[in-house]
Amino acid sequence: MDHDPFAEQPSGIGMNLTAGANEAIYNTLGAPVDAVTWALNKGIGSLNSVAGTGIQPITDPFGGSQSISRGFGLLGVPDPQSIHANSSGEKIARAMGQGAGYMLAPELAVRGAAQAAGTGVNALVSALAGSSTNAADALGNATVGALAGGGGSIAAQLTPEPYRPIAEFGGNLLGGGLGALAVNTPRMAAEAGRIGRDYAAPLSAAGQERIAAQSLRDAASDPSAVRGALDAPPSPLVPGSQPTTFQQTGDMGLGGLERIAMTRNPEAFMRRSAEQNAARQSALGSIQPDGSPEAVVNVLRQHLADIDTTTGDALSAARTSARDQTAALGGVGTPEGYGSTLRQMLTDAENTTRARERALWAAVDPDGMLALEATTIRDEARKISTGLPRSAKPMEGEEAGIIGAASNYRDVMPFSEVTALRSRVSTEMRRELSQNGQTPVYARLARLRGAIESALEGVVAGKAAQEAEAVAAGAMSPDATMAAALARDIREWNERRAAEAGMGQNAGTASGGNAFAGSSGPASVSGRKVPRGGEFRDAAGGPGIQGNAGLTPNFDAAALGRLREANDATKARAQTYGSGAVAEALRRSGQQGPYNMPAAVVPSRFFRPGARGFEDVQALRIAGNNPEAMVSIRDYAVSTLRRAAEEEADGTLNPSKVATWRRQHADALRALPEMDRMLAGPVEAAETVVRLAAERKQALDAYQAGLVGRLIGVSDPADVSRAIGSVFTSQAPVETMHRLVQEARRTPEAMAGLRKAVADHLSRRVTSYVEAATTGQRRLQADGFQRFVNQNQAALREVFGPEEMDTLHGIAADIMRSQRSLNAVRIPGQSNTAQDVAAMVANDRNATWFTRLLASAGPGLAGAAVVGPWTGLAAAVGGNVLMNARKAGLQKVDDIIADAMLNPERARLLLMQAGNPRDAAAIGRALSGSYRRATTLPAWKELEGDEQPPWNMMRLPSRSDVGASRNQLTQALAAAVAKAGSPQQTSPVVQQLVKALMDRRMVA
């Protein structure tokens, strides 16, 4: 439907006011779509111009301002385009509506979008779009916008056309400014009143309390946490050490405020620090107030003496036992005595053996009737003689005589001749071998000696062979043979010999000899008894033999048996007494000359170190053939042991030297197994002595090792304390201290002395040379104390019990807490001076000299300008008085803050006043009264009936004359409020405080 310009259109001031507002809202909400549509249409127009296309522009897009207007029109809201402003009033109303709409619409749009997105509004966007916090703010903003719009419309209507935009802009500014002034006038008046009250607050006690309370609240980083910490104060870490408010709460904001108060009033805080130090010193001294460190030395010395006595007695008893057992071994003779005894025993045994040997040889041919075939001997001698090369050295001397005699032998020779030749050959062989070795002479003699032995063996072998053939042919009975007859003769002879030995007639046989002495020899093969005799007879002179011509061989098996027995006896004697250590001991110079070996050397030739020891002892055992000989050599062995291993000091054996002696004589001792049994007891006793001596030395050395040894040699108490204190710097402090504690527990005095020494050392280590204020006491080192206690907890627990350790940890914790005032808000790595001065300047309530000058001279200048100079002078004087009064009030505020920073309970009350508006006035009046009335400590007694105020109440010296008494009243009031309970129960408490204030007994 076409628009009819002549139709009646709605108008009016109200309609235009609403239409203007709606129009602003629609345009704001549809601005994004309208902006995009405008940009697209610009692009379409450019494209149509360039390309000649006929693309139609976009009109009335959805979401645009027109679309929104139509949408609201469906709800019955008139379209702003349909409402016209005809008169000046309607135009002004339309502009005011638009101004109010444009003030509110952006803010509402931004907030709606943020809520839909679930996010907050950006600070910059909020600043541009508006940030009303309540309906009053929104109404104020709308008013400002309406007046700005109305002012612009009025200015535009009054200004010619060319200047209307500028006039409209100016009118907008002026109208908006007036609107803002009108809207904010009540707020400005309220703010001016607040500023005035704040300026005048220092002039009254209540104001001073309010400023101090607000300062505490503003300074606190977390006021809620601060109130919680002040409402439930912890138990004292150290009795008598009262923390400051910042130390108790740990709030960093209050730390900065405390630093300012400390800079302005250092003496109060230094006194508090000194009193904290005194409390810590007192607590440290209470750990072990008395005790004598030298008592530790006394108990150590006594224990050392006990160890020495106990181990000494055990060692003495063991040494006596070992000495007695060593003496029982014997071995006290001299080498000469042992040698003479052994040599005499060997000589007697050799003589006995020789006598038995001679009897055996006499039994071989007792009547000199034996003869044997000697052709073998003669033939061998002749071969030797004729076989000698012409160039060889001719035979001479004894060799020539022997070979010559043998070469002249007849076919049959007397047995005595053959044995004489045999003995002669053997003698010459020994001489040649000993003097010249195995020479050709020795070889030739050996050949002849072999022929002699063959002749002796051949006679019996030949006859035995003949008889064996006869027995085999049945011509001879086996019992009639020579072998059978020899067996019978030997059996009979042995039976006779055994019978004679049983009757004591054959001592040599009973002693293990191997001779025929003392008994008849065996019968010949023919059964004829062989008479007893000695030496061999010459064949020519023998009975029944006429020369050598009629001899027939009669050397039978029996004779051969006797010969072998005699020959073995000779060999055994020669081997036993003619070689080795026995021969050396018995060898003389000539037949009856002195012995070649001294008697003192004889026993050492038998019992000696080395591999020959076993053989030599065995040779002595065989040659001596007497138990006494073994007793003598064993006693000599003991004497060598005592010379090698006996300790001269106490007569005991040295086990290590015994072991060395045994290793050296191991082979000899194998031949004397009984020595092991003999030495077992004395050696074990000696080992016991050595073990006990080593244990005694070890016990004494171990006890005196390290710290104990140093302490035993110290007498001065200070030196004892220093020595005990060195435990904490040792490699094993816990183990060392544990040992000292074990020793000190032997007596109560020693344990007290040890604890005292440790406490004194701790005090020396952690006490500096800096005086605490003017108390005369030195300060405890903050880092040093905490470090010492933390690093040596285990060692300290060895000495001190749980209660003392709790005290030490409490002191350490109290020191660490007090360090908050020095380090918590200190700028690391920089000087504190600039920081403290800056904080004071920033906190100064008369910020600059210009401000002070203006505040002081401003009233005078204003009075002079308005009513004249005298009035100005009076105003200036009054202003100066007011300024000084306010300055004094601010000084009192500083005193209140300092008092609150020193007394956590006072700070709690101030924060209650700042945080509980219902009770703030009453508490403020009560606290203000404390600065108008002077009180004394009996007021506290009257109020609570206590002898002393709570431990955390401390007097703060004020710079004013009445500061001391006002702080005592503050303590009383604060304690009453603290004992009342929670802040919700403050009203009855306030009544009690007011009553106490009004009581005449509390007024000075």
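This text gives an overview of the structure that appears in the document. (Residues numbered from 1 in each chain as written. Predicted model: local features only at pLDDT ≥ 70, side-chain atom pairs only at ≥ 80, totals over all residues. Heavy atoms only, no water.)

A count of helical and extended segments in the protein chain gives 44 helices and 4 strands. Counting every position in the protein chain, which comprises 1004 residues, the buried fraction comes to 41%. For the protein chain, restricting intrachain contacts to residue pairs at least 6 apart in sequence, the fraction spanning at least 24 positions comes to 73%. Roughly 51,600 Å² of accessible area belongs to the protein chain as shown, and the carbon and sulfur atoms make up 57% of that amount. (Helix = DSSP H or I, 4+ residues; strand = E, 2+ residues; numbered from the N terminus. Buried < 20%, exposed > 50% of the residue type's maximum accessible area, 1.4 Å probe, protein only. Contact = heavy atoms within 4.5 Å. Areas by Shrake-Rupley, 256 points an atom, 1.4 Å probe, with all protein chains shown as cover.)

Take the pattern of salt bridges next. Close approach of charged atoms lets side chains of opposite charge pair. Considering all chains together, one arrives at 38 salt bridges under this definition. The partner of lysine 393 in a salt bridge is glutamate 396, with the nearest N and O atoms 3.4 Å apart. We note a salt bridge from arginine 608 to aspartate 616, for which the minimum N-O separation is 2.7 Å. Each of Arg608, Arg612, Glu615 and Asp616 takes part in salt bridges that share partners, so that together they form one network. (Salt bridge = Lys/Arg side-chain N within 4 Å of Asp/Glu carboxyl O.)

With 49 residues, the main nonpolar core has Ile724, Met737, Val758, Phe785, Phe800 and Leu808 as its most contacted residues. Looking at this core, the element that brings in the most residues is helix H32 (residues 748-766), giving 8 residues. Residues in contact with phenylalanine 785, not counting those within four places in the same chain, are Leu284, Val766, Leu808, Ile811, Ala812 and Ile815. Core analysis: the next-biggest nonpolar cluster, separate from the first, contains 37 residues, Met630, Ile633, Val658 and Leu672 among them. (Core = buried A, V, L, I, M, F, W, Y, C linked by side-chain atoms within 4.5 Å.)

What follows concerns the packing of helix H12 (residues 266-285) against helix H35 (residues 802-818). Look at H12 against H35: their axes get within 10 Å of each other, and the N-to-C directions meet at 165°. Classified by the interaxial angle, the pair formed by H12 and H35 is roughly antiparallel. Judged by the sense of rotation from one axis to the other, the crossing of H12 with H35 is left-handed. Two secondary-structure elements touch here, H12 through Gln276, Arg280, Ala283 and Leu284 and H35 through Thr807, Leu808, Ile811, Asp814, Ile815 and Ser818. Residue composition of the contact of H12 with H35, by class: 5 nonpolar, 3 polar and 2 charged. (Axes fitted to C-alpha atoms, helices over the stretch in contact; angles between N-to-C directions. Parallel < 35°, antiparallel > 145°, perpendicular 65-115°, else oblique. Left-handed = near helix turned anticlockwise from the far one by under 90°. Nonpolar A, V, L, I, M, F, W, Y, C, P; charged D, E, K, R; others polar.)

Let us look at the pairing of strand S3 (residues 767-771). Bridging between S3 and strand S4 (residues 778-780) involves 2 bridges; their strand directions are antiparallel. Within S4, the position partnered with threonine 767 by the bridge is leucine 780. Here S3 folds back onto S4, and the loop between the two strands holds 6 residues, one of which, alanine 773, carries a positive phi near 55°. (Pairing = 2+ DSSP bridges.)

Quick look at the packing of helix H25 (residues 627-645) against helix H26 (residues 655-664) now. Taken N-terminus to C-terminus, the directions of H25 and H26 make an angle of 135°; their axes are 9 Å apart at the nearest point. Judged by the inter-axis angle, H25 sits oblique to H26. As for the relative orientation of H25 and H26, their crossing is right-handed in sense. On H26, the residues touching Ala637, Thr640, Leu641, Ala644 and Ala645 of H25 are Lys657, Val658 and Trp661. Looking at the contact of H25 with H26 residue by residue, the class counts come to 6 nonpolar, 1 polar and 1 charged.

With 37 residues, helix H7 (residues 164-200) extends 51 Å from end C-alpha to end C-alpha; this agrees with the ideal 54 Å at 1.5 Å per step. At asparagine 184, H7 shows its strongest bend, of approximately 50°, with the proline proline 186 following within four residues. By the burial criterion, the buried members of H7 are Ala167, Gly171, Gly175, Gly176 and Gly179. Buried-residue contacts for H7 involve helix H6 (135-158). (Expected span 1.5 Å × (residues − 1). Bend = angle between axes of the 7 residues up to and from the residue.)

Note that serine 241 resides in the loop between helix H9 (223-231) and helix H10 (245-249). Serine 241 sits in the buried class, given a relative accessible area of 1%. Side chain to side chain, serine 241 and aspartate 814 meet in a polar contact 2.7 Å long. (Polar contact = N/O pair within 3.5 Å; in protein donor to acceptor, adjacent residues only side chain to side chain.)

The next subject is the packing of aromatic side chains. Going through the model one piece at a time under the given rule, you end up with 4 aromatic pairs. Just above the ring of tyrosine 595 sits the side chain of arginine 343; from NZ or CZ to the centre is 4.0 Å. The ring of tyrosine 769 carries arginine 778 above its face, with NZ or CZ at 4.7 Å from the centroid. (Phe/Tyr/Trp six-rings, centres within 6.5 Å; stacked < 30°, edge-to-face > 60°. Lys NZ or Arg CZ within 6 Å of the ring centre and 35° of its normal.)

Summarising the element assignment, glutamate 373 is placed in strand S1 (residues 371-373). Taking C-alpha positions, glutamate 373 is 9.3 Å from phenylalanine 415, a pair spaced 42 residues apart along the chain. Among the polar contacts made by the side chain of glutamate 373, one reaches the side chain of threonine 375 at a distance of 3.2 Å.

Right, let's talk about unusual backbone geometry for a bit. The phi torsion at asparagine 625 lies on the positive side, around 50°, for a residue other than glycine. Structurally, asparagine 625 can be placed in the loop between helix H24 (613-624) and H25. For asparagine 625, a relative accessible area of 46% corresponds to the partly exposed category. Even without being glycine, alanine 773 reaches a positive phi, approximately 55°. Residue classification places alanine 773 among the partly exposed residues on the basis of a relative accessible area of 28%.

Turning our eyes to something else, we now look at the side chain of asparagine 792. Take asparagine 792: it is sitting in the loop between helix H33 (782-791) and helix H34 (793-799). At a separation of 2.9 Å, a polar atom in the side chain of asparagine 792 contacts the main-chain carbonyl oxygen of phenylalanine 788.

On to a nonpolar patch on the surface. Taken together, Leu174, Leu178, Leu181 and Met188 make up a surface patch of nonpolar side chains, about 420 Å² in accessible area. By the secondary structure assignment, leucine 181 is in helix H7. (Patch = residues over 30% accessible without salt bridge, like charges linked within 9 Å, V, L, I, M, F, W, Y side chains within 5 Å.)

Between its first and last C-alpha, helix H8 (residues 205-219) extends 21 Å over 15 residues, near the 21 Å set by a 1.5 Å rise per residue. Buried within H8 are the following residues: Ala205, Gly207, Gln208, Glu209, Ile211, Ala212, Ala213, Ser215 and Leu216.

Purely spatial values, then, with no claim about function.
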